[in-house]
Amino acid sequence: MQEETMLRLHRLRASDTPACRFMEQVLTEAFPVEEYRELSELRELTGNRDIFYNNLVLDGATPVGLITWWDFEWFRYVEHFAIAPAFRNKEYGHRTLALVRAQTRTPLVLEVERPVQEMARRRIGFYQRQGFTLWERDYQQPPYRPGAGFLPMYLMAHGDLDPEQDYARVRATIHSEVYRVEQGRNS
């Protein structure tokens, strides 16, 4: 059995240039361009928004992935989470989410692609095995870039949130704080 090393999160600052390059490479390889903001905007958020956390996932001193989140008062919205290809299928995803859950008292929320393609179904299954619940309600991810369209997604949640009671408030918070979208507009 492989020896488990110390997994930890390192919050990036804009001045962490080599670490930021690794994070940006993992992000751009793991997500289609319509599912992440311009890298210059990401760097700006990393340095200037106290509620935005841009973290490297480290195994000892080795960067293995990234996880970004927005720390709202009543829930934490995980915007991006990816393990670098060389480290996938080695329990890093499971261990990272366990670490994040252990470090927060608030529920976690994230967006997932709808289960149309096999990879999306597998991703949803992964999060369900980590204790997340799929909220099968019509959710539209606002565009990251001007002129792009809204993307049909679902939300998933871990913790004390109810899809019937909390959906509208969760959606409104994510849309206004993360995407800067006015309520009612294609949401």
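Residues numbered from 1 in each chain as written. Predicted model: local features only at pLDDT ≥ 70, side-chain atom pairs only at ≥ 80, totals over all residues. Heavy atoms only, no water.

**A word on the pairing of strand E2 (residues 52-59)**
Taking burial as the measure, the eight residues of E2 include seven buried ones, the bulk of the element. For E2 and strand E3 (residues 62-71), the ladder comprises eight bridges, and the chain directions are antiparallel. When the sheet's bridge partners are listed, Asn-54 is paired in E3 with Thr-68. Turn length for the E2-E3 hairpin, with the two strands adjacent in sequence and antiparallel, is two residues, and the turn residue Gly-60 shows positive phi of about 65 degrees. (Buried < 20%, exposed > 50% of the residue type's maximum accessible area, 1.4 Å probe, protein only. Helix = DSSP H or I, 4+ residues; strand = E, 2+ residues; numbered from the N terminus. Pairing = 2+ DSSP bridges.)

**Some thoughts on the packing of helix H1 (residues 17-30) against helix H2 (residues 39-48)**
In the contact formed by H1 and H2, the axes pass within 12 Å of each other and the chain directions differ by 130 degrees. One finds that H1 runs oblique with respect to H2. Crossing of H1 over H2 shows right-handed handedness. Residue-level inspection shows Met-23, Glu-24, Leu-27 and Thr-28 of H1 in contact with H2, the latter providing Leu-39, Leu-42 and Arg-43. Along the lines of polarity and charge, the residues of the contact of H1 with H2 split into four nonpolar, one polar and two charged. (Axes fitted to C-alpha atoms, helices over the stretch in contact; angles between N-to-C directions. Parallel < 35°, antiparallel > 145°, perpendicular 65-115°, else oblique. Left-handed = near helix turned anticlockwise from the far one by under 90°. Contact = heavy atoms within 4.5 Å. Nonpolar A, V, L, I, M, F, W, Y, C, P; charged D, E, K, R; others polar.)

**So, helix H5 (residues 163-178)**
The end-to-end C-alpha distance of H5 is 20 Å, clearly below the 22 Å that 16 residues give at a rise of 1.5 Å each. Taken together, the buried positions of H5 are occupied by Asp-166, Tyr-167, Val-170, Arg-171, Thr-173, Ile-174, His-175 and Val-178. Contact partners of the buried residues in H5: E3, strand E4 (76-83), strand E5 (108-113), strand E6 (133-141) and strand E7 (151-158). Where H5 starts, the residue carrying a side-chain oxygen 2.9 Å from the main-chain nitrogen of Glu-164 turns out to be Asp-162. (Expected span 1.5 Å × (residues − 1). Polar contact = N/O pair within 3.5 Å; in protein donor to acceptor, adjacent residues only side chain to side chain.)

**Concerning the sheet that holds E3**
Ordered in space as E1-E2-E3-E4-E5-E7-E6, the seven strands form an open sheet in which the pairing is mixed. Edge strands, defined here as strands with exactly one partner in the open sheet, are strand E1 (7-11) and E6. With direction set aside, neighbouring strand axes in the sheet form an average angle of 35 degrees.

**Digging into the pairing of E3**
The element E3 is largely enclosed, with a buried count of seven among its 10 residues. Direction of pairing for E3 relative to E4: antiparallel, over a ladder of seven bridges. Residue pairing across strands places Asp-71 opposite Arg-76, the latter belonging to E4. Where E3 hands over to E4, the hairpin turn is made up of four residues, counted between the paired strands.

**Some details on the packing of aromatic side chains**
Applying the stated criterion across every chain yields a total of 10 aromatic pairs. Seen in terms of ring centroids, Phe-52 and Trp-70 are 5.0 Å apart; in terms of plane orientation they differ by 55 degrees. Their pairing is tilted. Linking Phe-52 in strand E2 with Trp-70 in strand E3, this pair joins segments that are 18 residues apart in sequence. Across the pair, Trp-70 and Phe-52 agree in class, each one buried. When the ring of Phe-87 is compared with that of Tyr-92, the centres are 6.0 Å apart and the planes differ by 85 degrees; the resulting orientation is edge-to-face. Tyr-92 sits in the buried class, given a relative accessible area of 9%. Taken together through their ring pairs, the aromatic side chains of Phe-52, Trp-70, Phe-72, Trp-74 and Phe-75 make up a single cluster. A cation over an aromatic ring shows up here: Arg-11 above the ring of Tyr-53, its NZ or CZ 3.6 Å from the ring centre. (Phe/Tyr/Trp six-rings, centres within 6.5 Å; stacked < 30°, edge-to-face > 60°. Lys NZ or Arg CZ within 6 Å of the ring centre and 35° of its normal.)

**Brief notes about H2**
The set of residues buried in H2 consists of Leu-42, Leu-45 and Thr-46. One side of H2 carries all its buried residues, which in axial view fall inside an arc of 100 degrees. Looking at the buried side of H2, the elements it contacts are H1, E2 and E3. (Arc of directions from axis to C-beta.)

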